[in-house]
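Architecture at a glance
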Amino acid sequence: MLLLVLASVGIRGQSSPLATIRNSFNNGHFEGVVRLAPEAILRTRKAGTPATASELGVLKAQALMRLERYEEASTVLDEALTDAEQARQPRRIAAIYLARSAHARALRDFPSALKSARNALAAAASDPQIRFEYHLAIGRVMYSSGFDVAAIIWLEKAEKLARGLPMSLGHLDVLGHLSLAWAAKFNYARAIEYGEKLVKISEKTEFKYRHRLALYEFGGLLSSVGQGRKAKQMREKGLKLALTEKDAYQACLLLSPLILTSLYEGDVTSAKKHLLTLDRVDRDRRFLFEAILGNAVVAGLQGQKELSANYFKELETLKAHSDYLIPHWKAILAEKGKDWAGLIEQMKVLQKSTEESNFREDLLGIYFSLAKGYWGLGEQELAIEHARRAAAIFESDRPTGDTILSLSILETYHSVFRLLAEIEDKRGNTTTALELVDYSKARVLRDRIENSALRRKADLDSEVRKHVEELSTQLIDGGKVRDELAAIEKSVTLSLPQIAAERKLDLNSFDNKNLLRDTAVVSYFFTIGGQLRAYVIEDSKPVRAVELSLSEGEAARIAQSTRVKIRDRIFFKSDGNELYNRLLAPLSLASNHIVIVPDKALWKIPFHALSPDGESYLIEKRIVSYSPSVSMLLNELTQPVPSRKTIQVFANDSFQDRHLEYVNREAEKVGRIFSARPVIGATRRQFLSSAGESDILHFSMHAQADPNEPLESFLAFKAFGKDSGQITVQDLLSVRLKKQNLAFLASCETNNVLNGEGLVSIAWALLGSGSSSVISAQWEANDRSTELFTQKFYEQYRDGTSAAKALQAVSISMIQNKSTGSHEPYFWAAFFLLGDHR
């Protein structure tokens, strides 16, 4: 009988009006909450339970605010406060004031929002739940006011106060706002940490609406840091959940970025599919603007100019039309159609509205687009003028290398230098063009690593925290400190210091110091239009530029197919000869040593495996090495020739369920060559404690490249307790290695992450940490062949052969050894030398 009674009570509790309405709210059925709440409130008042009536009133008001019906929400909150006061429950009274704070914040009445939050705390100062929600409310107001640092401080306090309290919507909102606030300060690593945490935690709660919103927000964050594929996965997951729950508003909210992203990528098929779903789901036509815009762009991309123009005219008649989005998309269509006059026309519209609105950040992209438009029309001087204006805006906003800027700004800045280089090349200023190309490459690589959106940044300075907390407390109490607080917010930088890349490339140093004896440096460069050029610096010869018949898109396809052919052992010398004839033959190189400075997808092509004659590999005829940029190579070659005598060998033959059979034996053989004892089963701690002591570092272990988050690519040391054993790119950048050391990564995929403009890899991280020469693998080679390769390399190198010549010798040795099958490029072409080749 007792069990039956308890079950009955449980069932009645779950089906009570309050539980039903709360469940509807948590699932995002706000119209349903507004419809059901009035009758439930009347019933609870008649039943003499004003506390419940007050709670129902708060839910109704919050639902009305979600529906942007603020006047009705205000009236409901007034009535709910009367109920709460009648109930004489401090927590219920405080809850009303917290809802009033949210209401005022939504209307951007920040003084009233702060006052209501203070009233909430005064009503129930000793209640842990209210103290937590008070700090959350203050954090929200600070964030909405533009005081991101203050928001972080108050939200972190709320996060601590939430520990031990029952899970609530407030817990999730703390994580969401911390993600937004850190992103506003361009600390995307922290923002992603909180965003990911929110997605995982919310999925396990009853707050299904908040989980879908978390997926939407996290998708936007991932998109802003260039993780488009992962962003798409988040949005598609959220869309599926919203459609299942029949939440039309959230479904449309998630469809909007999916449509626009598809259009940006030129994926008309996906865009049309999402537009059909939007048309079916958006019955109230709240997303009519997005639907018409999508159809306008689709028509434009399909060449239906008249239909596209009609859609754009319809957009301009809507009350909700955007003065930015319409000319923005018209400009995109004009550029895709190479309608340069049309691009300039739309960009001038955007320039006018941007300058009037003082949106300085947008001017960089506008000036760059104007420069492209004028360049397309052949008006060189106007193109240069606007490109230089774009660069000037960037450099004034980033006076030092440690100023954090958004990913889109960095991308545009790098592209500005590509355009300037293309213009200078056209004008016959080859050396100036090369300097701009090389600066762009050096700047891209530095920004990709040292200023990566995903790199962990320094936390807020303790003194800054203290000062901001004091000022924000004064602001809460009515103090006139807004300007002072805003000044501190603007001055805060969350970056690690970095050295600015030099713009000037001193090519005379190559000749004056005889650095390029019998050596040619080939720096490849894709223009803004995607055409390939090569700049050649050869011993005692003037710099020359050669235009090659290869587009950026074609290069990407060739790089991919070359990898597949090598992997499947079907990359023949005839294939290599075809590539050689397109990439190297037109350059007429006379030198014995070729240093390749690739660009974009060319990083994935093993040039040393190409064939100059269809009978032999390039490495059999010439020495081949690589460098991230000409300036980096010049910097290394101007240093004394490195003398490397001491070695540390780190080996680990297992990672998770993977076992590398020959790793330990390889390490022992390498150690014997230098009379050194290898560290077998090496741990992360052993490496970090001794990394800066030796001239040569050899790594025999598994490595893993992460194409979505390159800074999380790692070397797999032995796991120890809670230590995963992973040394990531981020970790390596914090390690100081011995100057001019050589690092040999006898691991798979240690140089195999192409991120946008250039490489972001373990190999580059070692260069950034002090290595001047890095030998690394582009794909996962057979560990038996790796053992043979490394042994023969070190035998040559120990006896005084340069790193580049030793690499050539061991490659030729393997090519000539047909008996073991190691002559295939798969076994020897994976390894290449990056940096100082001496």
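The written sequence of each chain sets the order in which its residues are numbered from 1. Given that the model is predicted, a residue must reach a pLDDT of at least 70 before its local features are reported, and side-chain atom pairs must reach 80 or more before they are shown or counted; all residues, however, enter totals for whole chains, interfaces and linings. Derived side-chain values reflect all non-hydrogen atoms in the structure, with water molecules and hydrogen atoms excluded from consideration.

Axes, fitted as lines to C-alpha atoms, cover a helix only where it is in contact. Angles between the N-to-C directions of the axes lie from 0 to 180 degrees. We count a stretch as a helix when DSSP gives it H or I for four or more residues in a row; a strand needs E for two or more, and each element gets its number in order from the N terminus. Interaxial distance between helix α2 (residues 17-26) and helix α3 (residues 30-46) falls to 9 Å at its minimum, and their mutual angle equals 160 degrees. What the angle tells us is that α2 and α3 run roughly antiparallel. The interaxial crossing formed by α2 with α3 has left-handed handedness. Where α2 abuts α3, its residues Pro17, Ile21, Ser24 and Phe25 lie against Phe30, Val33, Leu36, Ala37 and Ala40. The nonpolar class holds Ala, Val, Leu, Ile, Met, Phe, Trp, Tyr, Cys and Pro. Asp, Glu, Lys and Arg form the charged class, and all remaining residues, Gly among them, are polar. Looking at the contact of α2 with α3 residue by residue, the classes come out as eight nonpolar, one polar and no charged. Throughout this description, any angle smaller than 35 degrees is read as roughly parallel, any larger than 145 degrees as roughly antiparallel, any in the 65 to 115 degree range as roughly perpendicular, and the remainder as oblique. For any pair of crossing helices, the crossing counts as left-handed if the nearer helix is rotated counterclockwise from the farther one by less than a right angle, and right-handed if it is rotated clockwise. When checking whether two residues touch, look at their non-hydrogen atoms; a contact exists if any pair is within 4.5 Å.

Let us look at the environment of Ala777. With respect to the helices, strands and loops of the structure, Ala777 is situated in strand β17 (residues 771-777). Type-normalised accessible area, obtained with a 1.4 Å probe on protein chains alone, sets the label of each residue: buried when under 20%, exposed when over 50%, and partly exposed for intermediate values. Take Ala777: its relative accessible area is 0%, and that puts it in the buried class. A sequence separation of 562 residues divides Ala777 from Leu215, and the C-alpha atoms of the two residues are 36 Å apart.

This brings us to the nonpolar core. The nonpolar core is taken to be a set of buried Ala, Val, Leu, Ile, Met, Phe, Trp, Tyr and Cys residues, with the residues joined through side-chain atoms within 4.5 Å. Ile138, Met142, Phe312 and Leu315 are the most contacted members of the largest nonpolar core, which has 119 residues in total. Ranked by residue count, the leading element in this core is helix α9 (residues 148-162), at nine residues. Beyond its immediate chain neighbours, meaning those up to four positions away, Ile138 contacts Leu114, Ala117, Trp154 and Ile476.

Here β17 lies mainly inside the structure; seven of its seven residues are buried. In this scheme, strands are said to pair when DSSP sees at least two bridges between them. In this sheet, β17 lies alongside strand β14 (residues 741-745) in parallel orientation, the contact comprising four bridges. Bridge pairing in β17 places Leu742 opposite Ser773.

Let us look at the packing of aromatic side chains. Only centres within 6.5 Å qualify two rings of Phe, Tyr or Trp (six-membered ring in Trp) as a pair; their planes then separate them into stacked at under 30 degrees, edge-to-face at over 60, and tilted for everything else. Applying the stated criterion to the full structure yields 27 aromatic pairs. Ring centres of Tyr134 and Trp154 lie 6.4 Å apart, and the angle between their planes is 90 degrees; this geometry places the pair in the edge-to-face category. One end of the pair, Tyr134, is in helix α8 (residues 128-144); the other, Trp154, is in helix α9, and 20 residues separate them in sequence. You'll find Tyr134 and Trp154 in the same group, each marked buried.

A word on the side chain of His274. With respect to the helices and strands, the residue His274 is situated in helix α15 (residues 268-281). Sequence-distant contacts of His274, defined by excluding residues within four places in its chain, comprise Leu255, Leu258, Ile259 and Ser262.

On the secondary structure map, Glu620 appears in helix α29 (residues 618-621). Judged by relative accessible area, which is 26%, Glu620 ranks as partly exposed. Every residue in contact with Glu620, bar those within four places of it in the chain, is listed here: Ile812 and Ile815. Counting of polar contacts relies on pairs of N or O atoms within 3.5 Å, with two restrictions inside protein: one atom must be capable of donating a hydrogen and the other of accepting it, and residues adjacent in sequence are counted only when both atoms are side-chain atoms. Polar side-chain contacts of Glu620 include one of 2.8 Å to the backbone nitrogen of Tyr617.

Quick look at the sheet that holds strand β13 (residues 726-728) now. Taken in spatial order, the three strands make up an open sheet running β11-β12-β13, and their pairing is antiparallel. At either end of the open sheet lies a strand with only one pairing partner, and these are β11 (703-704) and β13. Strand direction decides the pairing type here: β11 and strand β12 (residues 714-716), joined by two bridges, are antiparallel. Residue Ala703 lies in a different strand from β12, and its bridge partner there is Leu715.

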